[in-house]
Amino acid sequence: QKEVEQDPGPLSVPEGAIVSLNCTYSNSAFQYFMWYRQYSRKGPELLMYTYSSGNKEDGRFTAQVDKSSKYISLFIRDSQPSDSATYLCAMRLRAGSYQLTFGKGTKLSVIP
Amino acid sequence: SQTIHQWPATLVQPVGSPLSLECTVEGTSNPNLYWYRQAAGRGLQLLFYSVGIGQISSEVPQNLSASRPQDRQFILSSKKLLLSDSGFYLCAWSMASGKETQYFGPGTRLLVL
C-alpha cells in the first residue's frame, strides 16, 4: 500500500461547481497536511496548511482533515476556470521533519 | 517577502554531458533547501536537502549531486547525464525551524537526448 493515495483524475467540472479533492494515507503518524496547486509547467504553490484534524477555510478553499479515517479533503467553492490545475496533497510527520510525502496529484479542469 | 529563483527554465542536454542547475532564495536567512524531481506519473521525489552551508543529505542514490556554497544558494549537478535524468527539477525552501512548510521555485525542465 502506498503511503499517500490520490486519484489522478482528470476531473472536469462546470464553472461555479463545488469541487472535492481527496487523499488517503496509511501512516497514522502524519501530523501536518498541505495542499499545493500546480499550473502546467510551473512550480507547486502552497494553498492550505493544516495541523491535525479539523477544518480550515481560506476564501473559496476549505481543507478538511479526518485523522481517524486517514483522509484529507480540499473543497473549492464557486470554481473558476483559473482553478484549472493539478492539486497535490502533502503531509509531514512532525515539526522539524524535513520529509514531505506527496500524493501524485489530481488534474482539475473547470469548464466555462 | 521571500522569493526563490531557478535557472535555467528549460534545458536540453545530450547523454553524457554535465549538468548544473542553480537555485537562489531571497528575503530569508539560513533556510533549509531542497531539490526535488517530478516525473510524469511518479509524483515529487526528494533528491537532496540542506540545513546549512556545505551540509547536504541525499535521499536517493543516483547520478546527481548537490552543493550549497552559500547560505541561499543550492546547486544540483551531474558529471554525466543519463536519459533517465530527464524531468522537472524543483528547488524548495523552508524556515530553519522546520515548523513551516516548503515553498517551491518555478522549476527547470530538463530533457536529456
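Use the structure listed above.
Scoring rules and cut-offs
Residues numbered from 1 in each chain as written. Chains lettered and ligands numbered in written order. Predicted model: local features only at pLDDT ≥ 70, side-chain atom pairs only at ≥ 80, totals over all residues. Heavy atoms only, no water. Helix = DSSP H or I, 4+ residues; strand = E, 2+ residues; numbered from the N terminus. Buried < 20%, exposed > 50% of the residue type's maximum accessible area, 1.4 Å probe, protein only. Contact = heavy atoms within 4.5 Å. Pairing = 2+ DSSP bridges. Axes fitted to C-alpha atoms, helices over the stretch in contact; angles between N-to-C directions. Salt bridge = Lys/Arg side-chain N within 4 Å of Asp/Glu carboxyl O.

1. Quick notes on the environment of Gly105 of chain A
Residue and element names in this part refer to chain A.
Thinking step 1. With respect to the helices, strands and loops of the structure, Gly105 is situated in the loop between β10 (100-102) and β11 (106-111).
Thinking step 2. For Gly105, a relative accessible area of 5% translates into the label buried.
Thinking step 3. Considering only alpha carbons, one finds Gly105 and Phe33, 72 residues apart in sequence, at a separation of 14 Å.
Thinking step 4. Ignoring anything within four residues of it in the chain, the contact list for Gly105 reads Gln6, Asp7, Pro8, Thr86, Tyr87 and Leu88.

2. Looking at unusual backbone geometry
Generally, phi is negative for residues other than glycine and the peptide bonds are trans, each holding for most cases.
Thinking step 1. Geometrically, the link from Gly9 of chain A to Pro10 of chain A is a cis peptide bond, its omega value of 5 degrees lying close to zero.
Thinking step 2. Within the fold, Pro10 of chain A resides in the loop between β1 (4-5) and β2 (11-14).
Thinking step 3. The omega torsion of the bond from Trp7 of chain B to Pro8 of chain B falls at 0 degrees, within 30 degrees of zero and hence cis.
Thinking step 4. Structurally, Pro8 of chain B can be placed in the loop between β1 (3-7) and β2 (10-13).
Thinking step 5. The residue Lys70 of chain A is not glycine, and still its phi comes out positive at about 55 degrees.

3. Thoughts on the sheet that holds strand β8 (residues 73-78) of chain B
All names here are of chain B.
Thinking step 1. Pairing within the open sheet is antiparallel, and its four strands lie in the order β1-β3-β8-β7. Each edge of the open sheet is held by one strand with a lone partner, namely β1 and β7 (65-70). Pairs of neighbouring strands in the sheet enclose a mean axial angle of 20 degrees, with direction left out of account.
Thinking step 2. By the bridge criterion, six bridges tie strand β3 (residues 19-26) to β8 in an arrangement that is antiparallel. Counted as the bridge partner of Leu21 is Leu76 from β8.

4. Focus on the pattern of salt bridges
Thinking step 1. Taken as a whole and judged by the stated rule, the model has five salt bridges over all chains.
Thinking step 2. Notably, a salt bridge pairs Arg37 of chain A with Glu45 of chain A, separated by 3.0 Å at the nearest N-O pair.
Thinking step 3. Arg68 of chain B is the salt-bridge partner of Asp71 of chain B, the closest N and O atoms lying 3.3 Å from each other.
Thinking step 4. With relative accessibility at 3%, the residue Arg68 of chain B sits in the buried group.

Geometric descriptors of this kind do not, in isolation, establish any biological role.
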